[in-house]
Amino acid sequence: MPNFKIMNYKTLLQLSAILLIAVGCSTRSDKDFIADIYKTASCDSTSYHNLRVLSKNYPNRLCGTSISAKAIEYMKEVIQGEKFDTVYLQECTVAHWDRGVKEIGTVYSSKNDKIKLAVCALGNSVGTPVNGIKAEVVEVKSFEELDKLGERIVKGKIVFFNKSMDPNKINSFEAYGEVVGFRFAGASFAAKYGAAAILVRSCTTAIDTFPHTGVMRYKDSKEIPAFAVSTVHADVLSKLLKEDSRLSLYLKSDCKFLSDEKSYNVIGEIKGSEFPDEIITVGGHLDAWDITEGAHDDGGGCVQSIDVWRIFSKIGYHPKRTLRVVIFMDEEMNQRGGKKYAEMARLNNKKHIFALESDGGCDKPIGFSLETDSTNFKKVGLYSNLFKPYGINNFINGGSGVDIGFLKDQKTVLAEIMADPTHYFDYHHSGYDTFERVNKEFLQQGSATMASLIYLVDKYGLK
Ligand SMILES: [Zn+2]
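What counts as what
Residues numbered from 1 in each chain as written. Predicted model: local features only at pLDDT ≥ 70, side-chain atom pairs only at ≥ 80, totals over all residues. Heavy atoms only, no water. Domains from an automatic or database assignment. Contact = heavy atoms within 4.5 Å. Buried area = accessible area lost by both parts, 1.4 Å probe. Salt bridge = Lys/Arg side-chain N within 4 Å of Asp/Glu carboxyl O. Polar contact = N/O pair within 3.5 Å; in protein donor to acceptor, adjacent residues only side chain to side chain. Helix = DSSP H or I, 4+ residues; strand = E, 2+ residues; numbered from the N terminus. Nonpolar A, V, L, I, M, F, W, Y, C, P; charged D, E, K, R; others polar. Pairing = 2+ DSSP bridges. Axes fitted to C-alpha atoms, helices over the stretch in contact; angles between N-to-C directions. Donors = N, O, S within 2.8 Å, 3.2 Å for Na, K, Ca; no water. Tetrahedral: all angles 85-135°; square planar, octahedral: opposite > 155°, others 65-115°. Buried < 20%, exposed > 50% of the residue type's maximum accessible area, 1.4 Å probe, protein only. Parallel < 35°, antiparallel > 145°, perpendicular 65-115°, else oblique. Left-handed = near helix turned anticlockwise from the far one by under 90°. Phe/Tyr/Trp six-rings, centres within 6.5 Å; stacked < 30°, edge-to-face > 60°. Core = buried A, V, L, I, M, F, W, Y, C linked by side-chain atoms within 4.5 Å.

Here the focus is the domain arrangement of the protein. Interface size is commonly expressed as the accessible surface area that is lost when the partners come together. When its domains are assigned, the protein resolves into domain 1 (30-97 + 259-460) and domain 2 (101-254). The straight-line distance from the C-alpha centre of domain 1 to that of domain 2 is 34 Å. In this assembly, 18 residues from domain 1 lie in contact with 24 residues from domain 2. Approximately 1,500 Å² of surface area, both sides summed, lies buried where domain 1 meets domain 2, with 64% of it carried by carbon and sulfur atoms. When the buried area of domain 1 at its contact with domain 2 is split by residue, Trp 97, Pro 421 and Phe 425 rank highest and sum to 37% of it. The interface formed by domain 1 and domain 2 contains zero salt bridges. Our count for the contact surface shared by domain 1 and domain 2 stands at seven residue pairs in polar contact (both at pLDDT 80 or more). With four residues, the top contributor of residues to the side of domain 1 that touches domain 2 is helix α12 (residues 424-427). When its residues are assigned to classes, the side of domain 1 that touches domain 2 shows nine nonpolar, seven polar and two charged.

See below:
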């Protein structure tokens, strides 16, 4: 204890000032602290700038590609510039699916008119024979309809799944859930009846000429080529079929698998001051489909995750628990990055108390979706009032992110930030997902929202 008697007046004043700051810090309310977080985020456009570089210089960064390797190097440099205690790469092996030359989709009417369609191969699809496939088209809106038509009608034809995403659903993820099965599993359903290929209406409510790709899988069937078609051209084709059911469609693609590649998650770590063995992870995925800049999906989620530490660092908040920012690889194809991260966490006996992902686009943040037991959900839900001034009104216990999902059986409380979903599927997996579609203020509000929840979880812990 200092001896006040022998201290001079100046020293005493200095000590009082330090004590006042210390008391002020410790008693600063969560409300004020969170206000500081939002203010700090709104004044810092570093992430917006980094997202521009990532989107423009490293687009089409599907796992396994050389551009994805360069994007990893770029993200490592970004993280290294942010005063983390440790920055490292975590190796994982990824598949390398290659689209090859641009796909062709052409309708030939019986009068031999040619109409070009905007199409793209679905991820994981086999290519067509070198001369393409020319066949009649069977349009369906459900698997039941396909079952009814059966082999007699379907054999040798191109099955056209033309089910629109429901525009009446306020939560577009729900509408997406109703149609994504055609993209994901349609090829195997159609192949059962001898179809030559499938063409799927893009999973979006936007009416435009962008085909939206996404992963598909084969299951117990012949592997037939699978394509997506833009919504405008799906409508064109449907109309033409009503006029001429015998028209033919020519499809050509060149996609194939190359050999597996070594790839990496990029990790930045800050050691916790009180509970270094308890880990809080925040992340997004770096890979993006090969026809997109991947700004909303999910470059934005990556830069927001890095923002969490940048904001803390600017405010002078050192987390009690170890904070890991994880930029995952291969969310879109096989989630090898997420799997590797969880595998290493288990192997090294690293206790992850909380993981937060940002992979729902970076439009205006509206809440959090959690995946946990009722005790922890209740605990996190108690913080919800602190978020209301910022328009964050949704705390639901209804699922989290794909990459962090592999931590589920390690009893980690999982969460995903929710952004306004209205336009997310306009961008999703298409050439429309460019940097220009990202709003700077919404991006920064998302960062602040994530940082605020992590601050609360770090400060008070979980059950
Ligand atoms: Zn994503």
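Next up on the list: the sheet that holds strand β8 (residues 226-229). Adjacent strands of a sheet pair through backbone hydrogen bonds, lying either parallel or antiparallel. Strands sit in the order β3-β2-β9-β5-β6-β7-β8-β4 across an open sheet of eight strands; the sheet is mixed. Since the sheet does not close on itself, it has two edges, and those belong to β3 (114-116) and β4 (119-121), each with one partner. Pairs of neighbouring strands in the sheet enclose a mean axial angle of 30°, with direction left out of account. Of the pairings in the sheet, the one linking strand β2 (residues 104-108) to β3 comprises three bridges and is antiparallel in character. The residue bridging Thr 106 from the neighbouring strand is Lys 116, located in β3. Strands in contact with helix α5 (residues 143-154) are β5 (133-140) and β6 (158-161); relative to β5, the strand with the most contacts, it is inclined by about 140°.

Right, let's get into the coordination of the zinc ion. With distances of 1.9 to 2.7 Å, the protein atoms coordinating the zinc ion are His 285 (NE2), Asp 297 (OD), Asp 359 (OD) and Asp 359 (OD). For the zinc ion, the four donor atoms are set out with angles of 51 to 147° between them, so the coordination reads as irregular. The motif formed by the donor residues of the zinc ion, counted along the single chain, is H-x11-D-x61-D. With a gap of 12 residues between them, His 285 in strand β11 (residues 275-285) and Asp 297 in helix α8 (residues 295-315) connect regions that are remote in the sequence. Summarising the burial analysis for this pair, His 285 and Asp 297 share the class buried.

Attention now goes to the packing of α5 against helix α6 (residues 172-191). It is the contact of α5 with α6, at a shortest axis distance of 11 Å, that shows an interaxial angle of 30°. The orientation of α5 relative to α6 falls into the category roughly parallel. Our pair here, α5 against α6, has a crossing hand that is right-handed. Facing Phe 143, Leu 146 and Val 154 of α5, the residues of α6 in contact are Gly 181, Phe 182, Gly 186, Phe 189 and Ala 190. For the contact of α5 with α6, the class distribution of residues is six nonpolar, two polar and no charged.

Let's shift gears to the packing of helix α2 (residues 30-42) against helix α13 (residues 440-460). Running from amino to carboxyl end, α2 crosses α13 at an angle of 145°, the nearest separation of the two axes being 9 Å. With respect to the hand of their crossing, α2 and α13 are arranged in right-handed fashion. For the pair formed by α2 and α13, the contact residues are Asp 30, Phe 33, Ile 34, Ile 37, Tyr 38, Ala 41 and Ser 42 on the first element and Gln 444, Gln 445, Ala 448, Thr 449, Ala 451, Ser 452, Tyr 455, Leu 456, Lys 459 and Tyr 460 on the second.

The next point concerns the pairing of β8. Here β8 shows no split at all, with Ala 226 and Ala 228 on one side and Phe 227 and Val 229 on the other all buried. Relative to β8, β4 runs antiparallel, the two sharing three bridges. Counterpart to Cys 120 in the pairing with β8 is Ala 228. Inspection of the sheet shows strand β7 (residues 197-201) paired to β8 by four bridges, in the parallel sense. Opposite Leu 199, over in β8, you have Phe 227 as the bridge partner.

To continue, consider the packing of aromatic side chains. If you walk through the whole model with that rule in mind, you get 24 aromatic pairs. Aromatic pair Phe 33 and Tyr 455: ring centres 4.1 Å apart, planes at 10°, arrangement stacked. Residue Phe 33 is located in helix α2, and its partner Tyr 455 is located in helix α13; the two are separated by 422 residues in the primary sequence. For Tyr 455, a relative accessible area of 3% translates into the label buried. Between the aromatic rings of Phe 143 and Phe 189, the centroid separation amounts to 4.0 Å while the plane-to-plane angle is 20°, which identifies the pairing as stacked. On the criterion of sequence distance, the pair formed by Phe 143 in helix α5 and Phe 189 in helix α6 is long-range, its members being 46 residues apart. Since its relative accessible area comes to 17%, Phe 143 is described here as buried. Under the relative-accessibility criterion, Phe 189 is labelled partly exposed at 29%. An aromatic cluster of three or more residues is present, and its members are Phe 33, Phe 312, Tyr 317 and Tyr 455.

Membership of the largest hydrophobic core comes to 64 residues, with the highest contact counts inside it found for Phe 312 and Phe 354. No other element matches α13, which puts eight residues into this core. With residues near it in sequence (within four places) discarded, Phe 354 still touches Ile 279, Ile 280, Thr 281, Thr 412, Val 413, Ala 415, Leu 453, Ile 454, Val 457 and Leu 462. Cys 120, Val 159, Met 165 and Tyr 427 belong to the second largest nonpolar core, which has 31 residues in total.

Another aspect to go through is unusual backbone geometry. Of the consecutive residues Asp 297 and Asp 298, the connecting peptide bond is found in the cis state with omega at 5°. With respect to the helices, strands and loops of the structure, Asp 298 is situated in helix α8. Even without being a glycine, Lys 83 presents a positive backbone phi close to 55°. Mapped onto the elements of the fold, Lys 83 is located in the loop between α4 (66-80) and β1 (86-98). Residue classification places Lys 83 among the exposed residues on the basis of a relative accessible area of 65%.

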